Amino acid sequence: MKKLPILIIAIACIVFDAKSQSMDHRENPQFGLKIGSNYSNVYDSQGEEFEADGRFGLATGVFITIPIGKFIGLQPEVLYSRKGFKGTGTIQGLSYDVTRTTNYIDIPLMFSVKPSPAISLVAGPQYSFLLKQKDEFTNVGGSVVQEQEFENDNIRKNTMGFIGGVDFNLNDFVIGTRVGWDMINNHGDGTSSTPRYKNVWYQLTFGFRL
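Asks: For this particular structure, what's the right way to read the pattern of salt bridges?
Replies: A side chain of one charge can pair with a side chain of the opposite charge when the charged atoms of the two come close. Applying the stated criterion across every chain yields a total of 6 salt bridges. When the shortest N-O distance is used, the salt bridge between Asp24 and Arg26 registers 2.9 Å. On the basis of relative accessible area, Asp24 is assigned to the partly exposed category, the value being 28%. Looking at Arg26, the relative accessible area reads 9%, which means it is buried. Connected through shared salt-bridge partners, Lys34, Glu77, Asp167 and Arg178 make up one network.

Asks: Looking at this structure, I do not really get the packing of aromatic side chains. What am I missing?
Replies: The geometry of an aromatic ring pair is captured by the separation of the ring centres together with the interplanar angle, meaning the angle of the planes. What the rule picks out here adds up to 3 aromatic pairs. Seen in terms of ring centroids, Tyr39 and Phe56 are 4.8 Å apart; in terms of plane orientation they differ by 55°. Their pairing is tilted. Placement of Tyr39 in strand β1 (residues 30–44) and of Phe56 in strand β2 (residues 50–67) is noted, with a sequence separation of 17 residues between them. Both rings, one in Phe162 and one in Trp181, keep their centres 5.7 Å apart while their planes meet at 45°; by these two values the pair is tilted. Here Phe162 is found in strand β7 (residues 157–170), whereas its partner Trp181 is found in strand β8 (residues 173–187), with 19 residues between them in sequence. Residue classification places Trp181 among the partly exposed positions, given a relative accessible area of 35%. We note Lys83 situated over the ring of Tyr104; from NZ or CZ to the ring centre the distance is 4.7 Å. In this structure, Lys83 packs its charged tip against the face of Trp201, placed 3.7 Å from the ring centre.

What counts and what doesn't
Residues numbered from 1 in each chain as written. Predicted model: local features only at pLDDT ≥ 70, side-chain atom pairs only at ≥ 80, totals over all residues. Heavy atoms only, no water. Salt bridge = Lys/Arg side-chain N within 4 Å of Asp/Glu carboxyl O. Buried < 20%, exposed > 50% of the residue type's maximum accessible area, 1.4 Å probe, protein only. Phe/Tyr/Trp six-rings, centres within 6.5 Å; stacked < 30°, edge-to-face > 60°. Helix = DSSP H or I, 4+ residues; strand = E, 2+ residues; numbered from the N terminus. Lys NZ or Arg CZ within 6 Å of the ring centre and 35° of its normal.

What follows is the structure, encoded as structure tokens:
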């Protein structure tokens, strides 16, 4: 029974590979659209009394595949990505609940390895621009909603992260899986810092090459 998941994955890869052999896109530049969902959460890098549950959010955008050869290439993407969490914590002995929703423009710049027409392995840095953030706090005294909108015209003011995953290619259709996390906040003035609360997300998308 322990080997059953591995067997299912192996069979799926064989099926994908057999069906995609007739349309091998690995040496052709491709443009496509994708849509799906994030499942995101945060963690406190300082390990304070804070617990969070993940949230689902929309992920949609465009991607380009740029071949360097048959087996390697580049894959930049531009995505609208909603992340967030529901958390609980304590301040001066008082408990509170917080719900955060964040809207980003994510720009992953990934290197791809294409061992077969059916599978692409991708990984690389991601630059995230925060467009909007909404926080709702609830404690024994009631709830307060704080909402801020950002007009970010400084390309150096962003969050740098890392993302990786696997694309399953079936002719012109693509099923994309990703996992990513924040690493560094760039403040736009030449300085940077490690964020205390870091986004971590899993992503599943369905794409179509045009």
